[in-house]
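# Architecture and fold: a report
What follows is the residue order along each chain.
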Amino acid sequence: EPEVTQTPSHQVTQMGQEVILRCVPISNHLYFYWYRQILGQKVEFLVSFYNNEISEKSEIFDDQFSVERPDGSNFTLKIRSTKLEDSAMYFCASSPGPERAYEQYFGPGTRLTVT
Amino acid sequence: GQSLEQPSEVTAVEGAIVQINCTYQTSGFYGLSWYQQHDGGAPTFLSYNALDGLEETGRFSSFLSRSDSYGYLLLQELQMKDSASYFCALPSGYSTLTFGKGTMLLVSP
């Protein structure tokens, strides 16, 4: 069964450093998303991406964040200058199409620890 | 904006039936989804209701009442592996999901 994959599974970085989180969505899906989940809290929407551009973004997704689909398979989230409060689990997700945003398939996540 | 309320924790025993409630507020309604998340794992899609009534998927069922802005997830024949967090979520148009804070289900022998 196709699945979303994410690398790395765990990333430790120092405050102020740039990190890139990588995702490979399910191949025939059209919508891609990033979410974050701070330990013990709810899953929070960051950004959605469709047709090579950002579709929607939340207030969390400020100028420190950017997304890119550098090729036909990868989808990346870049944090330019990490802060302590960026420590969280970051999930990538994909969905088959715009009419099925209710049904998203999540990757296993990247745990980001900022020290 | 959107908001969802669900209980923080529910406990039940193996073989029992449990209901996890969710009330919501939203300016535009596109349905109500349910996701399961085991500790440290990825959220997994369980069910979706766009219209009033009950949707059944094996041991899991989900119900929606749009007039009451209310839904629930019903888990039957509980198993130990059902111990997890369950989130109701509101799709917003085509491209976002707003999650509730989650209900931790603890299933005991």
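Residues numbered from 1 in each chain as written. Chains lettered and ligands numbered in written order. Predicted model: local features only at pLDDT ≥ 70, side-chain atom pairs only at ≥ 80, totals over all residues. Heavy atoms only, no water.

### Brief notes about the packing of aromatic side chains
Note the threshold: Side-chain rings of Phe, Tyr and Trp (the six-membered ring for Trp) are treated as a pair once their centres are within 6.5 Å; stacked means planes under 30 degrees apart, edge-to-face means over 60, and tilted covers the remaining angles. Numbering of helices and strands runs from the N terminus, with a helix taken as a DSSP run of H or I at least four residues long and a strand as a DSSP run of E at least two residues long. Exposure classes here rest on a 1.4 Å probe applied to the protein chains alone. A residue is buried below 20% of its type maximum, exposed above 50%, and partly exposed in between.
Overall, the coordinates contain 23 aromatic pairs over all chains when judged by the stated rule. Ring centres of A:Y102 and B:F45 lie 6.2 Å apart, and the angle between their planes is 50°; on these two criteria the pair is classed as tilted. Taken together, the positions of A:Y102 in the loop between strand 9 (88–95) and strand 10 (105–106) and B:F45 in strand 5 (residues 44–49) put the pair across two chains. The buried category is assigned to A:Y102, whose relative accessible area is 17%.

### Some details on unusual backbone geometry
Both trends apply: most residues other than glycine have a negative phi, and most peptide bonds are in trans. Following A:T7, the chain continues into A:P8 via a peptide bond in cis, with omega recorded as -10°. Following the sequence through the fold, A:P8 ends up in the loop between strand 1 (5–7) and strand 2 (10–13). Positive phi values are uncommon outside glycine, yet A:N52 reaches one of about 65°. Residue placement: A:N52 occurs in the loop between strand 5 (43–50) and strand 6 (53–57). The class for A:N52 is exposed, based on a relative accessible area of 59%. Notably, B:S69 is not glycine yet its phi reads approximately 50°, a positive angle. Within the secondary structure layout, B:S69 lies in the loop between strand 7 (60–65) and strand 8 (70–75). On the basis of relative accessibility, which here comes to 25%, the residue B:S69 falls in the partly exposed class.

### Some words on the interface of chain A and chain B
Put simply, the rule reads: We call two residues in contact whenever any of their non-hydrogen atoms come within 4.5 Å of each other. Here the buried area means the combined drop in accessible surface, using a 1.4 Å probe, for two parts upon being joined, counting both sides. The working definition used for a salt bridge is a side-chain nitrogen of Lys or Arg within 4 Å of a carboxyl oxygen of Asp or Glu. Polar contact is defined as a pair of N or O atoms within 3.5 Å, subject to the rule that within protein one atom must be able to donate a hydrogen and the other to accept it, and that residues adjacent in sequence are counted only when both atoms are side-chain atoms. The residue classification treats Ala, Val, Leu, Ile, Met, Phe, Trp, Tyr, Cys and Pro as nonpolar and Asp, Glu, Lys and Arg as charged. All others, Gly included, are polar.
Counting from both sides, the interface comprises 21 residues of chain A and, opposite them, 20 residues of chain B. In total, chain A and chain B occlude about 1,600 Å² of area from one another, counting both sides; carbon and sulfur atoms represent 62% of this. Counting the surface chain A buries against chain B, the share from its top three residues, A:K42, A:Y102 and A:F106, is 36%. For the interface between chain A and chain B, the tally reads 0 salt bridges. Across the contact surface, chain A and chain B share 4 residue pairs in polar contact (both at pLDDT 80 or more). Looking at the side of chain A that touches chain B, the elements with two or more residues in it are strand 4 (31–37), strand 5, strand 6 and strand 9 of chain A. For the side of chain A that touches chain B, the class distribution of residues is 12 nonpolar, 5 polar and 4 charged.

### As for the pattern of salt bridges
Applying the stated criterion across every chain yields a total of 4 salt bridges over all chains. Across the pair A:R100 and A:E103 runs a salt bridge, and its minimum N-O distance is 2.8 Å.

### Here's the deal with the state of the cysteines
All names here are of chain A. So the rule is basically this: Only a pair of cysteine sulfur atoms within 2.5 Å counts as a disulfide in this structure description.
What the rule picks out here adds up to 2 disulfides over all chains. Here C23 is linked by a disulfide to C92, with a sulfur-sulfur distance of 1.9 Å. Disulfide C23-C92: torsion about the S-S bond near -65°, hence left-handed. Of this pair, C23 sits in strand 3 (residues 19–24) while C92 sits in strand 9; the two residues are 69 residues apart in sequence, bridging distant segments of the chain. The burial state of C23 is the same as that of C92; both residues are buried.

### A closer look at the pairing of strand 5 of chain A
Residue and element names in this part refer to chain A. We count it as follows: Only strands joined by at least two bridges in the DSSP assignment are considered to pair.
Within strand 5, 6 of the 8 residues are buried, leaving the element largely enclosed by the surrounding structure. Sheet topology note: the strand 4/strand 5 ladder contains 7 bridges and is antiparallel. In the strand pairing of strand 5, Y35 is matched with F45. The hairpin formed by strand 4 and strand 5 contains 5 residues between the paired strands, and G40 there has a positive phi angle of roughly 80°. Counting the residues in the hairpin turn of strand 5 and strand 6 gives 2 residues, including N51, whose phi is positive at 55°.

### A few points about the sheet that holds strand 1 of chain A
Residue and element names in this part refer to chain A. Where we set the bar: The axes used here are C-alpha line fits, helices contributing only the stretch in contact, and every angle between their N-to-C directions lies in the interval 0 to 180 degrees.
Strand order in the open sheet made by the 4 strands is 1-3-8-7, with antiparallel pairing throughout. Both outer strands of the open sheet, strand 1 and strand 7 (65–68), are each paired with one neighbouring strand and no more. Strand-to-strand twist in this sheet, taken as the mean axis angle between neighbours without regard to direction, amounts to 20°. When strand 1 meets strand 3, the two strands line up antiparallel, connected through 3 bridges. Among the inter-strand pairings, T7 is bridged to a residue of strand 3, identified as R22.

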